[in-house]
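Overview (structure and organization)
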Number of protein chains: 2
Amino acid sequence: MAVEQDAKDSLLSPCHAQLANELPSETMDKGRLPNPITDFPAWYGEVVKQSGMAEHSLARGTMVAKPHGYGIWEFVQRALDDRFKLTGHENVYFPLYFPESLLAREAEHVEGFAPELAVITHGGGAKLEEPLVVRPTSEAIIWSTYANWIQSYRDLPLLYNQWGNVVRWELRTRLFLRTSEFLWQEGHTAHAGSDEAYEEALRMLEVYREVAEDVLAIPVVPGRKSEAEKFAGAVTTFTIEGLMRDGKALQCGTSHFLGQNFAKAYDVTFLNQSGELEHVWGTSWGASWRLVGGIVMTHGDERGLRLPPKVAPIQVVVVPIYRSDDQKSEVMAVAHKLRDSLAGDGIRVRVDDRDQYRPGYKFSEWELKGVPIRIEIGPKDVAADQVVTVDRLTGDKRQRSTAQAATSLPAALDEVQAGLHRSALDFREANTHTASTYAELRDGVAEQAGLWVGPWCGEATCEERVTADTKATIRVLPLVPEDPGAPCLVCGRAGTERATWARAY
Amino acid sequence: MAVEQDAKDSLLSPCHAQLANELPSETMDKGRLPNPITDFPAWYGEVVKQSGMAEHSLARGTMVAKPHGYGIWEFVQRALDDRFKLTGHENVYFPLYFPESLLAREAEHVEGFAPELAVITHGGGAKLEEPLVVRPTSEAIIWSTYANWIQSYRDLPLLYNQWGNVVRWELRTRLFLRTSEFLWQEGHTAHAGSDEAYEEALRMLEVYREVAEDVLAIPVVPGRKSEAEKFAGAVTTFTIEGLMRDGKALQCGTSHFLGQNFAKAYDVTFLNQSGELEHVWGTSWGASWRLVGGIVMTHGDERGLRLPPKVAPIQVVVVPIYRSDDQKSEVMAVAHKLRDSLAGDGIRVRVDDRDQYRPGYKFSEWELKGVPIRIEIGPKDVAADQVVTVDRLTGDKRQRSTAQAATSLPAALDEVQAGLHRSALDFREANTHTASTYAELRDGVAEQAGLWVGPWCGEATCEERVTADTKATIRVLPLVPEDPGAPCLVCGRAGTERATWARAY
């Protein structure tokens with residue numbers, strides 16, 4: 001019985017090697033994945049490469065985002081961009097490069113970014129009079145331009161966002177997570193008052209939190225960064241932090257309250273309603289394609305990716321099963337009819353009609369790529385007017401009537417979306433610990449990883465000692481400082497903050 | 001009677017100067033536009049700046065795309081991207097920079113682009129061992145990568161597109177039309193056969209033609225480029241050429257049949273179905289934000305932009321007219337109801353509720369920005385349950401019942417879209433001339449501008465002479481060479497091509 005035979009195949013662990021003679025050459029190097037429990041970094045790199053998401057490119061630190069990886073990024077972009085527009089922002093585009101001297105006007109900012117700059121010294125065949133820096137972020141060029149755009153309170157607020165690439169020189173690179181050039185968005189807003197700017201920074205943090213949780217199914221902890229971890233030039237940096245499957249934290253997006261720092265550096269003033277000249281208040285906020293890496297590291301398993309349906313380029317794949325040409329035409333007719341019906345409901349569906357692969361190979365490939373739901377249709381299914389659905393989250397196989405499959409899949413996709421979030425949340429809760437002594441924090445980070453919460457006095461020296469001892473950093477502090485009601489784990493002085501520590505990407 | 005008073009205002013030519021004390025500072029420098037007939041370049045620059053589309057930035061050749069300009073570009077992008085996906089393409093992202101030596105492997109290509117390169121020589125605080133070039137286009141990095149992705153005919157075709165920025169050093173810059181950094185898309189496809197690649201190049205030319213005509217309302221002539229005008233590295237370059245209001249041509253998109261040129265340069269081979277090793281066949285095709293400049297130069301008039309509704313960030317603006325607070329609340333209630341109704345039909349609508357400006361100023365501003373339809377609502381209109389609609393194409397004012405306005409606007413927007421295209425087509429037809437002697441061509445280009453069609457022998461020497469005498473270049477040749485049935489206008493030998501000449505951007 002073809003269906004059962006192939007169904008059985010699909011329950012075996014991937015076994016690409018024996019099928020290698022059937023593989024297209026792009027996937028020829030696919031093998032069993034490294035174990036995500038024992039070698040997470042190798043597992044991550046192989047999943048990203050084998051699933052066709054990305055690979056390293058020629059210049060150090062650069063990567064190519066391939067269709068499956070870029071496709072996920074496009075859905076992340078759409079989710080963010082829609083919400084930016086709903087919250088009143090417009091998109092703009094500022095130049096890739098600008099004079100090096102411009103960056104120097106905000107002292108902390110240039111100190112933070114100078115070591116990471118790429119510098120253009122020649123253009124059009126000639127040496128440039130002044131070197132140009134490739135933007136590592138755009139505060140400098142944007143605030144120097146805002147100086148011309150803003151004169152009066154009537155010109156405010158400016159609520160602008162930009163999609164683009166930035167370059168920050170990196171020696172240790174990791175696909176999507178840490179590359180010299182990366183794609184991101186950066187919002188840059190200007191306001192007539194401190195409270196208004198602070199609220200904006202929090203509003204955009206909430207947009208990030210919502211997209212992470214509701215679209216990417218990544219549970220995150222929103223909060224503040226410590227002084228040591230904040231953005232170079234910000235008064236306050238807000239963050240959302242996710243916990244990856246290896247127990248390390250990933251910063252998934254940051255939103256900065258800039259106070260008047262950049263307005264002062266770039267001389268951006270406005271006449272307020274009382275007719276007085278005042279410096280403008282600012283925010284900036286950014287999220288990058290590292291979120292794609294976050295999806296992999298939050299949801300992936302030993303078979304590869306598990307994609308939240310909301311960002312899956314393919315949500316449902318239909319794999320036809322047949323041996324003879326007669327069977328093929330029967331099965332394909334049903335497959336195409338089902339595809340059209342699902343596509344009509346707005347589901348992103350593909351029929352895998354490649355003749356050169358066996359169904360078992362296709363099952364493994366689509367599992368590796370993380371497609372949320374697979375539909376198998378064989379000749380016996382056609383005869384019984386039914387199909388088999390397999391969900392990537394649980395691996396559960398179900399027989400459904402063909403008609404029922406067409407109508408029940410939207411709900412099934414919602415279940416996968418919710419299930420992935422629930423599973424990631426359970427993992428985070430199981431891996432969030434409270435430390436009540438310094439030894440617990442130090443040994444816990446080393447032995448168990450995960451998030452470690454404990455009282456801190458707020459002093460940089462204590463923060464530095466923890467990092468020196470454990471490689472963990474303060475990932476996040478509560479949005480509003482909370483009295484931890486206990487002394488600092490490190491120095492024993494009064495605690496002023498409830499800090500969350502972790503090793504991080 | 002407020003409505004009539006303000007209606008009259010709106011029929012006057014813009015008169016920003018006397019309203020300057022009411023203007024926000026960003027628009028404080030707005031004045032009467034230069035005359036588009038007598039000084040088109042100055043008119044273009046002022047329209048782009050005053051309408052809030054773009055402005056020059058700090059580094060030579062760079063610009064800032066402001067919300068109104070970037071907003072139009074987003075609709076152009078969406079129109080193209082949707083069609084790329086419908087024709088089976090996926091998006092990818094290759095790095096911004098790569099080793100300089102990579103470019104040199106295709107001789108014509110490097111010769112064409114070397115003079116325009118921006119070069120990164122320092123990164124992360126150190127001098128680089130090998131300089132990196134910022135991509136002027138991505139054939140080099142993409143084909144060198146395709147070499148790893150393609151082994152067999154089963155790996156083909158690769159149908160990929162990339163959205164991003166490129167840098168080509170420019171000394172003479174013009175907003176959107178010619179900037180050192182510009183935003184564009186570049187498609188790069190790889191095929192197992194020459195015919196298939198050639199068809200792909202034509203398919204994407206047709207996508208460009210359709211978007212230009214149906215979305216941007218820019219009539220274009222599709223065809224081939226001459227050898228002198230083709231892309232450096234292509235076998236054949238296809239183009240769509242538009243005619244701007246000053247009688248100069250604008251290349252609106254190009255699609256290249258690359259033959260095996262890049263495959264040979266980067267050693268990209270595949271095993272064909274007969275088991276023989278063969279070089280891969282390629283295409284590339286690109287369109288940039290210069291299309292936004294093309295929209296301005298095709299449709300603009302003495303009052304500013306006229307935007308095709310399909311790319312207008314705001315399609316309908318509602319301007320409330322009132323003097324007292326009572327009138328305001330009455331009028332605003334109707335305005336908001338109408339807005340909600342139109343927005344519910346998917347129309348992009350804004351109510352201009354700014355208190356600090358008079359209606360007459362608002363009318364001029366929205367005309368400058370090219371909003372296709374304006375709705376005016378005053379207290380008498382509210383009493384009569386009617387509104388006044390004014391269309392940007394013809395300036396026609398119509399009274400409509402409020403209910404009718406809500407239902408009739410989709411059709412009215414379609415009329416503006418079609419009307420702009422018809423008007424541009426009429427202009428092109430009136431400015432397309434046939435030359436039957438060299439004197440006619442030479443004097444015609446100098447005195448009348450426009451497109452000049454005439455027989456050509458196909459020799460570069462004749463092409464060069466025309467350009468030396470007139471500054472006109474061959475913009476386009478028919479897709480399939482046509483016997484012009486007459487001797488070459490320049491040399492008198494047998495004509496082999498029906499060439500279209502024009503001065504161009």
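What counts and what doesn't
- Residues numbered from 1 in each chain as written.
- Chains lettered and ligands numbered in written order.
- Predicted model: local features only at pLDDT ≥ 70, side-chain atom pairs only at ≥ 80, totals over all residues.
- Heavy atoms only, no water.
- Helix = DSSP H or I, 4+ residues; strand = E, 2+ residues; numbered from the N terminus.
- Rg over C-alpha atoms; globule rule 2.2 N^0.38 Å.
- Contact = heavy atoms within 4.5 Å.
- Areas by Shrake-Rupley, 256 points an atom, 1.4 Å probe, with all protein chains shown as cover.
- Pairing = 2+ DSSP bridges.
- Axes fitted to C-alpha atoms, helices over the stretch in contact; angles between N-to-C directions.
- Left-handed = near helix turned anticlockwise from the far one by under 90°.
- Nonpolar A, V, L, I, M, F, W, Y, C, P; charged D, E, K, R; others polar.
- Buried < 20%, exposed > 50% of the residue type's maximum accessible area, 1.4 Å probe, protein only.
- Lys, Arg positive; Asp, Glu negative; His and termini not counted.
- Salt bridge = Lys/Arg side-chain N within 4 Å of Asp/Glu carboxyl O.
- Polar contact = N/O pair within 3.5 Å; in protein donor to acceptor, adjacent residues only side chain to side chain.
- Domains from an automatic or database assignment.
- Buried area = accessible area lost by both parts, 1.4 Å probe.
- Phe/Tyr/Trp six-rings, centres within 6.5 Å; stacked < 30°, edge-to-face > 60°.
- Lys NZ or Arg CZ within 6 Å of the ring centre and 35° of its normal.
- Expected span 1.5 Å × (residues − 1).
- 1 Å grid on protein atoms, 1.4 Å probe; cavity = no way out; pocket = protein on both sides within 12 Å on 5 of 7 lines; lining within 4 Å.
- Points joined across faces, edges and corners; volume = space filled by probe spheres on them.

Attention shifts here to the overall build of chain A. What chain A contains, in helices and strands, is 15 helices and 23 strands. In terms of C-alpha radius of gyration, chain A reaches 26 Å, essentially the compact-globule figure of 23 Å for 505 residues. Partitioning the intrachain contacts of chain A with sequence separation of at least 6 by distance along the chain shows that 69% fall at a separation of at least 24. As displayed, chain A has an accessible area near 19300 Å², and 48% of this comes from carbon and sulfur atoms.

Residue and element names in this part refer to chain B. Strands sit in the order β3-β7-β8-β14-β11-β10-β9 across an open sheet of seven strands; the sheet is mixed. Sheet topology places β3 (90-91) and β9 (220-224) at the edges, where each strand pairs with a single neighbour. The pairing of β9 with strand β10 (residues 236-243) spans five bridges and is antiparallel. If you follow valine 221 over to β10, its bridge partner there is glutamate 241. Docked against the sheet, helix α3 (residues 67-86) engages β3, β7 (158-167), β8 (181-191) and β14 (281-288), running at close to 160 degrees with respect to β7.

Residue and element names in this part refer to chain B. One way to put it is that α3 packs onto helix α7 (residues 194-215) with a least axis distance of 10 Å and a crossing angle of 145 degrees. In this structure, α3 crosses over α7, and the sense of that crossing is right-handed. Taken together, the residues of α7 that come into contact with α3 (itself represented by Ala79, Leu80, Arg83 and Phe84) are Met204, Val207, Tyr208, Glu210, Val211 and Val215. Counted by class, the contact of α3 with α7 contains eight nonpolar, no polar and two charged residues.

As a further point, take the side chain of A:Arg400. Residue and element names in this part refer to chain A. Within the secondary structure layout, arginine 400 lies in strand β19 (residues 397-401). Although buried, arginine 400 forms no salt bridge, and the nearest oppositely charged side chain, glutamate 415, lies 6.5 Å from it. Of note is the side chain of arginine 400, whose polar atom sits 2.9 Å from the side chain of serine 408. Each residue touching arginine 400, except ones within four places of it in the same chain, is listed here: Gln386, Val387, Thr389, Ala405, Ser408 and Ala412.

Residues and elements named next belong to chain A. By the assigned domains, chain A splits into domain 1 (2-30 + 307-416), domain 2 (63-299) and domain 3 (432-502). Using only C-alpha atoms to locate each centre, domain 1 and domain 2 end up separated by 41 Å. Counting residues at the interface gives nine residues for domain 1, matched by twelve residues for domain 2. Between domain 1 and domain 2, the buried area comes to about 920 Å², and carbon and sulfur atoms account for 73% of it. Looking at the side of domain 1 facing domain 2, the largest losses of area belong to Pro308, Lys310 and Val311, adding up to 50% of the total buried there. Remark: the boundary between domain 1 and domain 2 carries zero salt bridges. Across the domain 1-domain 2 interface, the total number found is two residue pairs in polar contact (both at pLDDT 80 or more). The class makeup of the residues in the side of domain 1 that touches domain 2 is five nonpolar, no polar and four charged.

All names here are of chain B. The sheet built from four strands is open, its strands ordered β20-β21-β23-β22 with mixed pairing. On the outer flanks of this sheet lie β20 (432-434) and β22 (473-476), each paired with one strand and no other. When strand polarity is set aside, the average angle formed by the axes of neighbouring strands in this sheet is 45 degrees. Looking at chain direction, β22 and strand β23 (residues 497-502) are connected through three bridges and run antiparallel. Within the sheet, the bridge partner assigned to valine 476 lies in β23 and is threonine 500. Along the sheet, helix α14 (residues 438-448) makes contact with β20, β21 (451-456) and β23, crossing β21 at roughly 165 degrees.

Glancing now at the packing of aromatic side chains. Aromatic ring pairs are defined here through the distance separating the ring centres and the angle between the ring planes. All told, the structure shown has 38 aromatic pairs over all chains when counted by the stated rule. Ring centres 6.0 Å apart and planes at 70 degrees place the aromatic pair B:Trp73 and B:Trp163 in the edge-to-face group. Of this pair, B:Trp73 sits in helix α3 while B:Trp163 sits in strand β7; the two residues are 90 residues apart in sequence, bridging distant segments of the chain. Comparing B:Trp73 with B:Trp163 shows no difference in burial state: the two are buried. Ring geometry for B:Phe84 versus B:Trp285: centroids 5.1 Å apart, planes at 55 degrees, classification tilted. Of this pair, B:Phe84 sits in helix α3 while B:Trp285 sits in strand β14; the two residues are 201 residues apart in sequence, bridging distant segments of the chain. Taking relative accessible area as the criterion, B:Phe84 reaches 1% and is therefore assigned buried. What links up through ring pairs into an aromatic cluster is the set A:Phe94, A:Trp143, A:Tyr146, A:Trp149 and A:Tyr160. Here the basic side chain of B:Arg245 rests over the ring of B:Phe427, its NZ or CZ set 4.7 Å away from the ring centre.

Under the defined criterion, the tally for this structure stands at 48 salt bridges over all chains. The shortest N-O distance in the salt bridge between A:Lys85 and B:Glu74 comes to 2.7 Å. With A:Lys85 in helix α3 (residues 67-86) and B:Glu74 in helix α3, the pair connects residues from two separate chains. In this structure, B:Glu367 engages B:Arg374 in a salt bridge whose closest nitrogen and oxygen atoms are separated by 3.1 Å.

Before going further, it helps to examine α7(B). All names here are of chain B. The terminal C-alpha atoms of α7, which comprises 22 residues, lie 31 Å apart, in line with the 32 Å expected from a rise of 1.5 Å per residue. Those residues of α7 that fall on the buried side of the exposure criterion are Ala197, Glu200, Ala201, Met204, Leu205, Val207, Tyr208, Val211, Ala212, Glu213 and Val215. Once α7 finishes, alanine 217 follows within two positions and takes phi at roughly 60 degrees, a positive value.

When you tally the buried positions in helix α6 (residues 139-149) of chain B, you get nine out of eleven residues, the bulk of the element. The complete set of buried residues in α6(B) reads B:Glu139, B:Ala140, B:Ile141, B:Ile142, B:Trp143, B:Ser144, B:Thr145, B:Tyr146 and B:Trp149.

Residues and elements named next belong to chain A. For the bond from leucine 156 to proline 157, the omega torsion is -5 degrees, close enough to zero to count as cis. With respect to the helices, strands and loops of the structure, proline 157 is situated in the loop between α6 (139-149) and β7 (158-167). Within the chain, lysine 471 stands out as a residue other than glycine whose phi angle is a positive 65 degrees. Note that lysine 471 resides in the loop between α15 (460-470) and β22 (473-476).

Residues and elements named next belong to chain A. What the second largest pocket holds in volume is close to 1300 Å³. Secondary structure elements with two or more residues in the lining of the second largest pocket: α5 (107-113), β8 (181-191), β11 (249-259), β14 (281-288) and β22. Two domains each donate at least three residues to the lining of the second largest pocket, and these are domain 2 (63-299) and domain 3 (432-502).

Attention now goes to the interface of chain A and chain B. Facing the 64 residues of chain A at the interface are 64 residues of chain B. Together, the buried faces of chain A and chain B total about 4900 Å²; carbon and sulfur atoms form 60% of this surface. Its largest share of buried area at the contact with chain B, chain A owes to A:Tyr93, A:Tyr97 and A:Trp149, together 14% of the area lost on that side. Seen at the junction of chain A and chain B, the total is two salt bridges. Of the residues that constitute the side of chain A that touches chain B, the class distribution is 33 nonpolar, 16 polar and 15 charged.

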